[in-house]
Amino acid sequence: MNEAIFSAFNIIKNVIYIITFLVSLNLIKNKNIPTYMRGFYWYPVIANLMLLLHILEKDLNLIPKEFFRELNLVSLLFHFTFLCLFIFKVIPKNNSVKYLKLVFFLFFPVIIFFIVTDIIHYEVLAFAVTNFGLIILCISYYYQLFKNTPSLNLLKDPSFWIITGVLFGMSTTIPVSIIGGYLFNNIPRDIFLSVAVIMPLGYGVMHLFFLKAILCSIRRQKV
Amino acid sequence: MFNSSTESIIILIIVCTILILLLITFISVIVYRYQQKQNAYFKNMEQLKITHENALLISQIEIQEQTFQNISREIHDNIGQKLSLAKLHLNTLSNSAPEKTIQKIDESISLIGESINDLSDIGRSMSSEIILNNGLIKALEYERAHLQKSGLFNINLEISSNMIFLDAKKELLLFRIVQEAIHNIIKHADASIISIKLHYSNSLLSLEIIDNGKGFILEDNSEHGIGILNMKKRADTLKGKCVITSKPGSGASIKIEIPIYEQNKSL
């Protein structure tokens, strides 16, 4: 039963990924969207590429498991770098941005260390550190949002939706990222799957918010 | 009551619901607090705008009042006295001394002529026509010539680049700043040399009025307060800035910078 629920959540997540990817194609060569949204389509592109590779590896057995694992770790680096750079772009420029860049330069080598160390347990830590770093940056965005002149219409601002999506996605998946490996080995599969549902839920909602942000950019351009 | 699978599904639904509710609450709180801040900010901006407009209005009234005072003083101290003297001459005309009569009539004609010239000078100085017809530089040249006539001051006018015609209303405001500055120098500075420097760059018009008078302490606003405030308000109206530097014994400098690009855009 839990297997079915887990699959259902995954399918919903995959559908959201694909819709986000298709809508994000509108951003390509679109000069009327906010500057920080230019190039954002790369995130859904890579997410869908990983989704495709995951299907090829797990369902069709066309890609070796180890190769996919390595690709997944590279995509983690892309995920962290891309979202960090995005947050730096949308945070108002002042002195505190320097310290936020420090967060990136501190976390990035730690993630690489966990990735290159050939221990599965460290890999889990790489995901946790990535999530944690992004959560810090998202909170900094909200702090700066309230610290600076309130000139935005938040509900129509793409950056707000993206950061909120990232914050939700990262904070919901961080506990499963940390203890997922332990739970997989120590609790019944049925219960593990009911906990693991949080992962597609978090990432699905995150992409749903990205979709909202892309739609906001396109609508803003039409206005 | 439930089997373990049903239990875990219920827990799952509860957890998902809590997470979604938390997300909705979080977004609502952020948006609500942000809009509260935004409303307070706009209210504050509106208040500032009203205060600024009030200050501008007060300064306009002060400028008008000062102008009336200047005209009144000029008429009373100068033209009034000349006309009174002419009247006195004409009242004391006598047929018994024709030579003295002719002399008195000549003096009266001369006094009336001077009064007419003075009146015309005041008129020209107050009128915006010279700016509208001939531009800022001609108006400054006229003002210099007018002041040189008194013989009390040596006025230098330096234009160090190709001039750019600005909106007449804005040129008039600049001209009034120069008049205000010169008026202050005449009234308070005991200066003998006044330099007016005008420089047009790609983006800025820079106007500097320098005197070699006794100078003043900038913090002591009692004597120069209204004049300085008027100049600053006028520069503010032109979206520019007015910087005054002075110290006792070293004269004073008033530097006004206004953006040319915005000026041209409004043309």
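Predicted, not measured: the structure shown is a model, and the values here were computed from it.

Caption draft 1: Layout of the pattern of salt bridges. Residues and elements named next belong to chain A. Counting across every chain of the model gives eight salt bridges over all chains. The partner of R189 in a salt bridge is E3, with the nearest N and O atoms 3.1 Å apart. Residue R189 is found in helix 7 (residues 189-196), and its partner E3 is found in helix 1 (residues 2-24); the two are separated by 186 residues along the sequence. A residue is classified by how much of its surface remains accessible, and R189, at 47% relative accessible area, is partly exposed.

Caption draft 2: Geometry of the nonpolar core. Counting 79 residues, the largest nonpolar core has A:M37, A:F40, A:F160 and A:V166 as the members making the most contacts within it. Per-element tally for this core: the top contributor is helix 8 (residues 198-222) of chain A, with 12 residues. Not counting the four nearest positions on each side in its chain, A:F40 is found in contact with A:L27, A:F82, A:F86, A:I162, A:F210 and A:I214. Judged by nonpolar contacts, the second largest core, of 40 residues, contains B:I130, B:A139, B:I196 and B:I256.

Caption draft 3: Structural context of the sheet that holds strand 1 (residues 154-159) of chain B. Residue and element names in this part refer to chain B. Spatially, five strands are ordered 1-2-3-5-4 in an open sheet, and the strand pairing comes out mixed. Whereas interior strands pair on both sides, the edge strands pair on one side only; in this sheet they are strand 1 and strand 4 (241-246). Averaged over all pairs of adjacent strands, the angle between strand axes in this sheet comes to 10°, irrespective of strand direction. Pairing of strand 4 with strand 5 (residues 252-259), which is carried by six bridges, proceeds in the antiparallel orientation. Pairing of V243 across the sheet is with K255, part of strand 5. Packing of helix 4 (residues 168-189) onto the sheet brings it into contact with strand 2 (193-200), strand 3 (204-211) and strand 5, and relative to strand 3 it is tilted by some 15°.

Caption draft 4: Structural detail: the interface of chain A and chain B. Taken residue by residue, the interface counts 29 residues in chain A and 18 residues in chain B. Buried surface at the junction of chain A and chain B, summed over both partners, amounts to about 2,100 Å²; 80% is from carbon and sulfur atoms. On the chain A side of the interface with chain B, the three residues burying the most area are A:F146, A:P150 and A:F168, jointly 29% of the side's total. Applying the counting rule to chain A against chain B returns zero salt bridges. The interface formed by chain A and chain B includes six residue pairs in polar contact (both at pLDDT 80 or more). The element contributing the most residues to the side of chain A that touches chain B is helix 6 (residues 158-186) of chain A, with six residues. Looking at side-chain class alone, the side of chain A that touches chain B contains 19 nonpolar, eight polar and two charged residues.

Caption draft 5: Spatial organisation of helix 2 (residues 42-58) of chain A. Spanning 17 residues, helix 2 of chain A covers 24 Å between terminal C-alpha atoms, matching the ideal 24 Å at 1.5 Å per step. When helix 2 of chain A is considered as a whole, its buried residues turn out to be A:Y43, A:P44, A:A47, A:N48, A:M50, A:L51, A:L53 and A:E57.

Definitions and cut-offs
Residues numbered from 1 in each chain as written. Chains lettered and ligands numbered in written order. Predicted model: local features only at pLDDT ≥ 70, side-chain atom pairs only at ≥ 80, totals over all residues. Heavy atoms only, no water. Salt bridge = Lys/Arg side-chain N within 4 Å of Asp/Glu carboxyl O. Helix = DSSP H or I, 4+ residues; strand = E, 2+ residues; numbered from the N terminus. Buried < 20%, exposed > 50% of the residue type's maximum accessible area, 1.4 Å probe, protein only. Core = buried A, V, L, I, M, F, W, Y, C linked by side-chain atoms within 4.5 Å. Contact = heavy atoms within 4.5 Å. Pairing = 2+ DSSP bridges. Axes fitted to C-alpha atoms, helices over the stretch in contact; angles between N-to-C directions. Buried area = accessible area lost by both parts, 1.4 Å probe. Polar contact = N/O pair within 3.5 Å; in protein donor to acceptor, adjacent residues only side chain to side chain. Nonpolar A, V, L, I, M, F, W, Y, C, P; charged D, E, K, R; others polar. Expected span 1.5 Å × (residues − 1).

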